[in-house]
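# Geometric and topological summary
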Protein chains: 2
Amino acid sequence: MNIGPYSYEEYAKMVESFHGTLAPGLLIGGYMVDYAMKNLPEGEFFDSICETRTCLPDAVQLLTPCSVGNDWLKIFDFGKFAVTLYEKYNGEGVRVYLDVEKLKNWPEVNSWFFKLKPKKEQDSELLFSQIREAGHSVLSLQRVKVEPDKLMRKKGGSSAICPVCGEAYPAEHGDKCRSCAGESPFVSV
Amino acid sequence: MNIGPYSYEEYAKMVESFHGTLAPGLLIGGYMVDYAMKNLPEGEFFDSICETRTCLPDAVQLLTPCSVGNDWLKIFDFGKFAVTLYEKYNGEGVRVYLDVEKLKNWPEVNSWFFKLKPKKEQDSELLFSQIREAGHSVLSLQRVKVEPDKLMRKKGGSSAICPVCGEAYPAEHGDKCRSCAGESPFVSV
């Protein structure tokens, strides 16, 4: 089965180049995005939601025009393997998720997903062949509607210059930038 | 001036394909990532931090092996145009930021960045030519060290099945998944 407009081999090559490794989650993710795209409601422009930060966002970025940087892909950190494509104006969409009931038919995939055995005991070849054979059959699909107040992209407000670091930041964040307000990921050097 | 291993034209083409449009922020972002890569401290593996969700993450994803899905790119939502590449084990890195003092030398870029005039009054051709001519000269670079507790990637813990939706979620999130606990972006249909 193809993944989007690509053959399995073409997609696998794109994944390796973009993601660094052929991660099992990104293969399943490819089938998820493919399944969602084949069931889109009418509409011209689609935005997307990933309910996990792991792997899945890269499948969306490889197979759709949505990216993190263009803000057509939004990530909710729920740790759930689910992706939604929705019409950007009315919010009508399809949500595809990994269905744990259906997963039981594919023991090696199930065991990988639930981390039932140590990585070194995994049979990678079997895992990948089961993912490929399973395709859409481990997925379920729901019609959803995205909440109207999540639809609107916030327009950038005005900038201020942070009195501590001297860099520009969104004025609405307060009297200094969030980094200087204590959220910096850096230690002083 | 090249952007990473690419000519300006090659990079612009990649941006259009991945990001949808040739956004000014993604061109400046390309020069930022390029500048950081040319000043990396010693080390084999680099992770990255973007201090904004807008545009810049796509420059990192196009020019480095880091992506959102492989977790080598982390996004801090500070609304600051700054990117850091750092050695993943010791946290030594370089942070490149758009320097508002230096920006004053490039009026059309300055005016775009601070939204000083309505979009329709912008001179796009002049804007792009100034960005291209400016290259690294609107940027400043700092040596930084990433906080040790931001370095470690959290290993995935065990999964639970949500009693409400029946889907898998990280057990550490509590007795139901975050979506069913009230954070869902969907309305009931």
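The coordinates are above.
Residues numbered from 1 in each chain as written. Chains lettered and ligands numbered in written order. Predicted model: local features only at pLDDT ≥ 70, side-chain atom pairs only at ≥ 80, totals over all residues. Heavy atoms only, no water.

### Thoughts on the sheet that holds strand β1 (residues 46-50) of chain A
Ordered by their spatial adjacency, 6 strands build an open sheet running β2(A)-β1(A)-β3(A)-β4(A)-β5(A)-β8(B), and the pairing between neighbours is mixed. Each edge of the open sheet is held by one strand with a lone partner, namely β2 (73-75) of chain A together with β8 (186-187) of chain B. Two strands pair when backbone bridges link them, and strand β4 (residues 92-98) of chain A and strand β5 (residues 139-146) of chain A are joined in this way by 7 bridges, in the antiparallel orientation. Counted as the bridge partner of V94 of chain A is R143 of chain A from β5 of chain A. (Pairing = 2+ DSSP bridges. Helix = DSSP H or I, 4+ residues; strand = E, 2+ residues; numbered from the N terminus.)

### Section: the interface of chain A and chain B
Each partner contributes residues to the interface: chain A has 57 residues there, and chain B has 57 residues. Summing both sides of the interface, chain A and chain B together bury roughly 4,500 Å²; the carbon and sulfur share of this comes to 60%. Taken as a group, F78, P185 and F186 of chain A account for 16% of the area that chain A buries against chain B, more than any other trio of residues on that side. Counting every contact that joins chain A to chain B gives 6 salt bridges. Between R95 of chain A and E167 of chain B there is a salt bridge, with its nearest N and O atoms 2.8 Å apart. For the pair chain A and chain B, the number of links is 20 residue pairs in polar contact (both at pLDDT 80 or more). Here the side of chain A that touches chain B gets 4 residues from one element, more than from any other, and that element is β5 of chain A. A breakdown of the residues in the side of chain A that touches chain B according to their chemical character gives 27 nonpolar, 15 polar and 15 charged. Sheet topology note: the strand β8 (residues 186-187) of chain A/strand β5 (residues 139-146) of chain B ladder contains 2 bridges and is antiparallel. Each bridged residue has a counterpart across the sheet, and for F186 of chain A the counterpart in β5 of chain B is V146 of chain B. (Contact = heavy atoms within 4.5 Å. Buried area = accessible area lost by both parts, 1.4 Å probe. Salt bridge = Lys/Arg side-chain N within 4 Å of Asp/Glu carboxyl O. Polar contact = N/O pair within 3.5 Å; in protein donor to acceptor, adjacent residues only side chain to side chain. Nonpolar A, V, L, I, M, F, W, Y, C, P; charged D, E, K, R; others polar.)

### A closer look at the packing of helix α2 (residues 24-37) of chain A against helix α6 (residues 124-134) of chain A
In helix packing, the relevant descriptors are the interaxial angle and the interaxial distance, both defined with respect to the helix axes. All names here are of chain A. The N-to-C vectors of α2 and α6 enclose an angle of 5 degrees; their axes lie 10 Å apart at closest approach. When the axis of α2 is compared with that of α6, the two are roughly parallel. Contacts between α2 and α6 involve P24, L27, I28 and Y31 on the former and, on the latter, L127, F128, I131 and R132. Its residues placed into classes, the contact of α2 with α6 shows 7 nonpolar, no polar and 1 charged. (Axes fitted to C-alpha atoms, helices over the stretch in contact; angles between N-to-C directions. Parallel < 35°, antiparallel > 145°, perpendicular 65-115°, else oblique.)

### Section: the relation of the copies chain A and chain B
Comparison of the two chain copies shows a relationship of rotation about an axis with a shift along it. Expressed as a screw operation, the relation of chain A to chain B combines 0.0 Å of axial shift with a rotation of 180 degrees, fitting to an RMSD of 0.0 Å. Such values leave the two copies arranged in the relation of a two-fold axis. Relative to the rotation axis, the closest C-alpha in chain A is found at V68 of chain A, a distance of 4.0 Å. (Least-squares fit on C-alpha atoms with pLDDT ≥ 70 in both.)

### Notes on the sheet that holds strand β3 (residues 82-87) of chain B
Strand order in the open sheet formed by 6 strands is β8(A)-β5(B)-β4(B)-β3(B)-β1(B)-β2(B), with mixed pairing between adjacent strands. The outermost strands of the open sheet, each flanked by one partner alone, are β8 of chain A together with β2 (73-75) of chain B. Taken together, the 5 bridges between strand β1 (residues 46-50) of chain B and β3 of chain B define a ladder with antiparallel strand orientation. Within β3 of chain B, the residue paired with C50 of chain B across the bridge is V83 of chain B. Against the sheet, helix α2 (residues 24-37) of chain B contacts β3, β4 (92-98) and β5 of chain B, and its axis sits at roughly 150 degrees relative to β4 of chain B.

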